[in-house]
Amino acid sequence: MIKAKTMCQISLLALAFAVPSLACAQDERATMVLDSGWRFHDGEAPEAIAPEFADAAWQPVNVPHTWNRVGYYRHELGGINTQTTANKRQGAGWYRLHFSSPQGSEGKRHWLEFDAASRVAKVWLNGQYLGEHRGGFSRFRFDATAAMRPEGENVLVVRVDNTQPKAGGPTADVLPLAGDFFVHGGLYRPVRLISTAPLHIDLADAGGTGVRATTVSASSQEATVDVVVRIANDGARATEATVKVSLINRDGREAASATVPAPLAAGKAGEFGTKLMIANPHLWQGTTDPWLYQLVVQVIDAKGQVADVLRQPYGIRIIAFDPEQGFLLNGQPYRLKGVGYHQDRDGKGWAISREDVAEDIATIRDMGANAIRLTHYQHGQDVHDLADRAGIVVWDEIPLVSMWTLGGKREADPALVANAKGQLTELIRQNQNHAASAIWGIANEVDFGNSLPAFLFGGTDGSEIDPLPLLAEMHKSAKAIDPSRPTALATCCEGRLLGADIEVPITAPAADLGGANRYFGWYFGKPDDLGPHLDALRAKRPQQPLAVTEYGAGGGLTIHTDNVLGAPADSRGFAQPEEYESYIHETALAQLDARPWLYATWLWNSFDFATTVRTEGDAQDINTKGLVAYDHKTRKDAFYFYKANWNPAPMVHITSKRYAARAYALTDVKIYSNTASTELLLNGRSLGTKSDCPQKVCVWSAVALDVGANALVARGTHAEGVVEDNAAWTLAPETARRMVIDSGALVAAKSTARVLGSDTWFEGGSVGSLDKAADYGKPAVPAQIGGTTERDALATFRKGSFSYRVPVANGRYKVTLWFATAATQTPGTFDVKSGGKALLRKFQPVIPTTGAAAESKTFTITAKGTLALDFVAGSGEARVSMIEIEQQR
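Everything numeric here is computed off the predicted structure, so don't read it as measured data.

(A) A look at the pairing of strand β18 (residues 293-300). Burial of β18 is extensive: eight of the eight residues sit out of reach of the surface. Direction of pairing for strand β15 (residues 239-248) relative to β18: antiparallel, over a ladder of seven bridges. Across the sheet, the residue bridging to Val245 is Val297, located in β18. Direction of pairing for β18 relative to strand β19 (residues 306-314): antiparallel, over a ladder of eight bridges. Its bridge partner lying in β19, Val296 is registered against Arg311. Where β18 folds back on β19, the antiparallel hairpin that results is connected by five residues, among which Gly304 adopts a positive phi of roughly 85 degrees.

(B) Inspection of the side chain of Thr611 at higher detail. As for its position among the elements, Thr611 is in strand β31 (residues 609-616). Discounting residues that sit within four places of it in the chain, Thr611 has contacts with Asp180, Phe181, Phe182, Asp621, Ile622 and Asn623.

(C) Looking closely at the packing of helix α6 (residues 578-593) against helix α7 (residues 637-646). Between α6 and α7, the least distance of the axes is 8 Å, while the angle of their chain directions is 30 degrees. Taken together, the axis directions place α6 and α7 in an arrangement best described as roughly parallel. Crossing of α6 over α7 shows right-handed handedness. Every residue of α7 that contacts α6 at Glu578, Glu581, Ser582, His585, Glu586 and Leu589 is listed here: Asp637, Ala638, Phe641, Tyr642, Asn645 and Trp646.

(D) View of the packing of aromatic side chains. By the definition in use, this model includes 37 aromatic pairs. For the pair Tyr519 and Tyr523, a centre-to-centre distance of 5.2 Å together with 70 degrees between the ring planes defines the contact as edge-to-face. Given a relative accessible area of 6%, Tyr519 falls into the buried group. Looking at Tyr523, the relative accessible area reads 27%, which means it is partly exposed. What links up through ring pairs into an aromatic cluster is the set Phe321, Phe327, Tyr334, Trp395, Tyr599 and Trp602. Stacked on the ring of Phe762, the Lys or Arg Arg798 has its end atom at 3.7 Å from the ring centre. It is Arg879 that lies over the ring of Phe797; its NZ or CZ is 4.1 Å from the centre.

(E) Quick peek at the state of the cysteines. The full count for this structure, using the stated rule, is two disulfides. Across a sulfur-sulfur distance of 2.0 Å, Cys693 and Cys698 are joined as a disulfide pair. Between Cys693 and Cys698, the S-S dihedral sits near 105 degrees, and the bridge is therefore right-handed. Cys698 gets classed as buried once you look at its relative accessible area, which sits at 2%.

(F) Seen up close, the environment of Arg311. By secondary structure assignment, the location of Arg311 is in strand β19. You can call Arg311 buried: its relative accessible area is 15%. Considering only alpha carbons, one finds Arg311 and Gln294, 17 residues apart in sequence, at a separation of 6.6 Å.

(G) Layout of unusual backbone geometry. Pro64 follows Val63 through a cis peptide bond whose omega is 15 degrees. Its identity as a non-glycine residue notwithstanding, His632 has a phi of 65 degrees, on the positive side. Structurally, His632 is set in the loop between β32 (619-623) and α7. Phi at Asn683 takes a positive value of approximately 50 degrees, unusual for a residue other than glycine.

(H) Inspection of the packing of helix α3 (residues 414-431) against helix α4 (residues 468-481) at higher detail. Running from N to C, α3 and α4 point in directions that differ by 30 degrees, and their axes come no closer than 10 Å. Considering their axes alone, α3 and α4 lie roughly parallel with respect to each other. In this structure, α3 meets α4 at a crossing whose hand is right-handed. Only Leu470, Glu473, Met474, Ser477, Ala478 and Ile481 of α4 make contact with α3, whose side of the interface consists of Val417, Ala420, Lys421, Leu424, Thr425, Ile428 and Arg429. Its residues assigned to classes, the contact of α3 with α4 comprises eight nonpolar, two polar and three charged.

(I) Structural view of the sheet that holds strand β37 (residues 697-704). In space, the three strands of this open sheet follow the order β33-β34-β37, with antiparallel pairing throughout. Either end of the sheet is taken by a strand with one partner, and the two such strands are β33 (652-654) and β37. Each neighbouring strand pair of the sheet contributes to a mean axis angle of 25 degrees, computed without reference to strand direction. Here strand β34 (residues 666-673) runs beside β37; their pairing, made up of six bridges, is antiparallel. Note on β37: the bridge partner recorded for Val669 is Trp700.

(J) Here's a closer look at the nonpolar core. Core analysis: the biggest nonpolar cluster contains 89 residues, and Phe327, Ile439, Leu534, Tyr599 and Tyr642 have the highest contact counts within it. Residue contributions to this core peak at seven residues, all from α7. What Ile439 contacts, discounting residues up to four positions off in sequence, is Phe321, Val394, Trp395, Asp396, Pro486, Ala488, Leu513, Tyr599 and Trp602. Among the nonpolar cores identified, the runner-up in size contains 32 residues, and Val245, Ile278, Val297 and Val299 belong to it.

(K) Looking closely at the pairing of strand β46 (residues 830-834). On β46, burial follows the alternation: Phe830, Val832 and Ser834 on one face are buried, whereas Asp831 and Lys833 on the facing-out side are not. Relative to strand β47 (residues 837-843), β46 runs antiparallel, the two being bridged by four bridges. Residue pairing for β47: Val832 is matched across the bridge by Leu840. Pairing between β46 and strand β49 (residues 866-873): four bridges, direction antiparallel. Paired with Phe830 across the two strands is Ala873, which belongs to β49.

Criteria and thresholds
Residue numbering note: each chain is counted from 1, following its sequence as written. Since the coordinates come from a predicted model, pLDDT governs what is reported: local features require at least 70, and pairs of side-chain atoms require 80 or more to be given and counted, while whole-chain, interface and lining totals use all residues. Only hydrogens and water are removed before side-chain values are computed, so all heavy atoms of the structure are retained for them. Any residue under 20% of the maximum accessible area for its type is buried, any over 50% is exposed, and the rest in between are partly exposed; the area is computed with a 1.4 Å probe on protein chains only. Secondary structure elements follow DSSP: runs of H or I of four or more residues count as helices, runs of E of two or more count as strands, with numbering from the N terminus. Between any two strands, at least two bridges found by DSSP are needed for them to pair. The contact definition used throughout considers only heavy atoms, calling two residues in contact when any of these lie within 4.5 Å. Convention adopted: a line fitted to C-alpha atoms gives each axis, helices being fitted over their contacting stretch, and angles between N-to-C directions are expressed from 0 to 180 degrees. Note on terminology: angles under 35 degrees are roughly parallel, angles over 145 are roughly antiparallel, angles of 65 to 115 are roughly perpendicular, and the others are oblique. Left-handed describes a crossing whose near helix is turned anticlockwise from the far helix by less than a right angle; the clockwise case is right-handed. Aromatic pairs are defined between Phe, Tyr and Trp rings, using the six-membered ring for Trp, whenever the two ring centres lie within 6.5 Å; interplanar angles under 30 degrees are classed as stacked, those over 60 as edge-to-face, and all others as tilted. Put simply, a charge is over a ring when the Lys NZ or the Arg CZ is close to the ring centre, within 6 Å, and near the line of the ring normal, within 35 degrees. When the sulfur atoms of two cysteines come within 2.5 Å, that pair is taken as a disulfide. Each residue receives one of three labels: charged for Asp, Glu, Lys and Arg, nonpolar for Ala, Val, Leu, Ile, Met, Phe, Trp, Tyr, Cys and Pro, and polar for the others, Gly being one of them. For this analysis, a nonpolar core means a set of buried residues of the types Ala, Val, Leu, Ile, Met, Phe, Trp, Tyr and Cys, connected via side-chain atoms within 4.5 Å.

Note that all results are geometric; they support no functional claim without further evidence.
See the structure below:
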């Protein structure tokens, strides 16, 4: 049982300020954190409502808590979740807590405060039903005064339900209805008991503080802050109260204050407004200078006693968005370089601590980012508080994601519209005092139209469901609650990106700001298409500020390639090498930097996160587009690419470190470096120095590795010294003597007999596969290929008219060409040549009667520096599945 000591409420962030102590009046509010002593039951238990129910057999837990563990890697890097520990159950869970009433509880008002409960919560205290909250991401409170015992033990019971919404189900009207993320269940954020005097700042403010502060003007000479305070008088008599609002500097001095009368009848609440005029204000300047005052609001009763106090950090700043200049902070252009962020992590799910969030903020800042898109739902107060302190600009959004109807309906149910408005109100009320919060996101990717992905399918193709009426209501509601900030939404599909037959609604004009989630080179198009596409969007709406709200690619920690152009990546399957993720980001950033009119860019994503719609890469139920693994510690190469470009601190990073057992004796070495000059050493030998590398990407081409161990050192020299990074690669003697090219493969197949490299040294042609491609949540279906033990390697192939120019030492080579053909294919004939000499004339691979069959042809070729192979189409396309090149002694 929890026993509490009454104390004056002090914001955690207030400890950073030397604020003069305010004497605790007898009736000032007290807060009890209800974190330990809970009991949990995984499933239904309605009998647990009764206070006398025996819960000793239930699981003891601490809050924050979730029963879900979702997502794991098929290797030992980046996380501790496993297939055995995974728990994807969605449904009901029950919590019980015995706690003692605080001393002096009689005559107080008592509120139970939940920072979040997913996704629906019902609450009872001492057997009395307090209410229900529908929404899994926002803070909510219930007035527990009538149910609280003035002394002794209380029994708190909470039923939560994170059932996946379906038509007619218990959560059918609770957003989100769908999404590429997993909705965990539980009391996954803190729970508190707040006790106040009958006269207090109103706690029935949609989970907000009851105080709304808005900077209406600011310069280096003066600033004006409008403050509205909502006061409740739950006493039996009318009162002539007073509200004092103060802005306190870091050294404890009062920068500004104002006092306003607050007369209230018994049992009534009211709002009272005033202005703070600050001379020579210290402005909040983002990451450069995230200066915070402390906003102190005191409610003083008719006797002059302080009845209630609220303290909250507050930054003075003015923001604006311009279609030409982008984002402006305090009147100056300030490019937002950001990341998307989900709140889950390996081993904890959504039940993360403030320390976890602080670690994430530190990681994001180490990358050099200055903005976060909090996706795709309301995040907790910890990340907002820490963003205020770090100077990070935040995009907040509600979980209106991709779908808003179920069961084939063409319009959103009134209950769902009400839920969306409620979640939007809570989002704004709870975060509008944060300097970091700059944008209210009202939707994400509701413009799929008839291209709605299979994993979001809800019984209709989406082509006749118009999102614009709902978006109009969300925009109108947001502006009514907080006209000082713009609305925004993120689109996915404008521009027929997914096919000429795709019809999508144009939703961007429904919000003040445009945002584009665009995955060129991953889900569609080519990497270099991003820039021209953004230019086209800008041309359509030249007066609307535009940002890129998502871009990126998956990256497996254990998946690697020798050539990112060897074949397309598989956005739904296995071929998601770490190097390809870096390539997409390198290509994208160059195009984004060339467009200074973008008000922001948010890469996708800061960290890998859980989702149950993916079986891809080297993970199960994980979206691997993060630049840091699911453990929030293991950093991928792309992280260091951004650090080199965004963080001025000197650094060097050798890429592909985890690709330690090399397939080829000759390879490029890529280093991210922001130092004045960078030197590469291999086993102590200098391979030269590079300076002024484009995009901080330095490449040493065609580096010859030593047989055996290869110790690489990158040494960056800067004005204040030297920084280094190291990598250890190996080249097996057998691999050095015999290289094997897995043609048509971005990621080489694994073999027990030899080390294969991915497709490289080719010119022309295209690629194909005998396997049935993977789909969302469904792995690829392998073809059965007879006549070989190298099924995986022979499943892919290069086809058309193409050539290979393989760098080799002078000498004689045994070259074996492998071909695999399915019974359903009818290839024609083609020729294969080497240095003008015919190796195969009018060759047609064997065509089996069923399944697929493999065959090989072997030749001896003398080469001088380069081994040439030319595949020339004849009556059909030329093709090859695997090439073995073995040096003859």
